[in-house]
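Observations on the model geometry
In case you want the letters, here they are:
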Amino acid sequence: MANIKSAKKRILVSRTRAERNKSIRSGVKTAIKKVYAAIESGDKAAATTQLKAATKTIEMAASKGIYHKNNAARKVSSISKAVNKMA
């Protein structure tokens, strides 16, 4: 256990940030799952709506530094490609 005040603070801050990051990552995963669920159901309109929502969620996570911009771009590209492939 840390004895120095600044070290104690760093532990608290890193814990808080880790929880926040975990929550946002979970939200991104959920948004992506919703897109794939809409694709599975065959509903193009719902898939497009979910894609828009998921893209926003991913981009916001990237802007906060939770995902690298290339990682976020790869995720968006992947789900966009899946929606565009629908008949």
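Structure first, text after, so check above.
In what follows, the accompanying structure is described. (Residues numbered from 1 in each chain as written. Predicted model: local features only at pLDDT ≥ 70, side-chain atom pairs only at ≥ 80, totals over all residues. Heavy atoms only, no water.)

Moving on, we come to the overall build of the protein chain. Of regular secondary structure, the protein chain possesses three helices and zero strands. Order of helices (α) and strands (β) in the protein chain, N terminus to C terminus: α-α-α. Relative to the globule expectation of 12 Å for 87 residues, the C-alpha radius of gyration of the protein chain, 17 Å, shows a markedly less compact shape. Seen through its principal axes, the protein chain has C-alpha atoms that stretch 60 × 20 × 15 Å. By residue count, 26% of the 87 residues in the protein chain fall in the buried class. (Helix = DSSP H or I, 4+ residues; strand = E, 2+ residues; numbered from the N terminus. Rg over C-alpha atoms; globule rule 2.2 N^0.38 Å. Buried < 20%, exposed > 50% of the residue type's maximum accessible area, 1.4 Å probe, protein only.)

Our next topic: the packing of helix 1 (residues 5-41) against helix 3 (residues 69-84). One can describe the packing of helix 1 onto helix 3 by two numbers: an axis separation of 10 Å at closest approach and a directional angle of 15 degrees. Of the possible angle classes, the one that applies to helix 1 and helix 3 is roughly parallel. When the axes of helix 1 and helix 3 are compared, the crossing they make is left-handed. Between helix 1 and helix 3, the residues in contact are Val 28, Ile 32, Val 35, Tyr 36 and Ile 39 and Lys 75, Ser 78, Ile 79, Ala 82 and Val 83, respectively. Here the residues of the contact of helix 1 with helix 3 sort into eight nonpolar, one polar and one charged. (Axes fitted to C-alpha atoms, helices over the stretch in contact; angles between N-to-C directions. Parallel < 35°, antiparallel > 145°, perpendicular 65-115°, else oblique. Left-handed = near helix turned anticlockwise from the far one by under 90°. Contact = heavy atoms within 4.5 Å. Nonpolar A, V, L, I, M, F, W, Y, C, P; charged D, E, K, R; others polar.)

Residues Val 28, Val 35, Ile 39, Ala 47, Ile 58, Ile 79 and Val 83 are the most contacted members of the largest nonpolar core, which totals 20 residues. For this core, the elements supplying multiple residues, two or more each, are helix 1, helix 2 (44-63) and helix 3. Residues contacting Val 28, with those up to four places away along its chain left out, are Thr 57, Ile 58, Ala 61, Tyr 67 and Lys 75. (Core = buried A, V, L, I, M, F, W, Y, C linked by side-chain atoms within 4.5 Å.)

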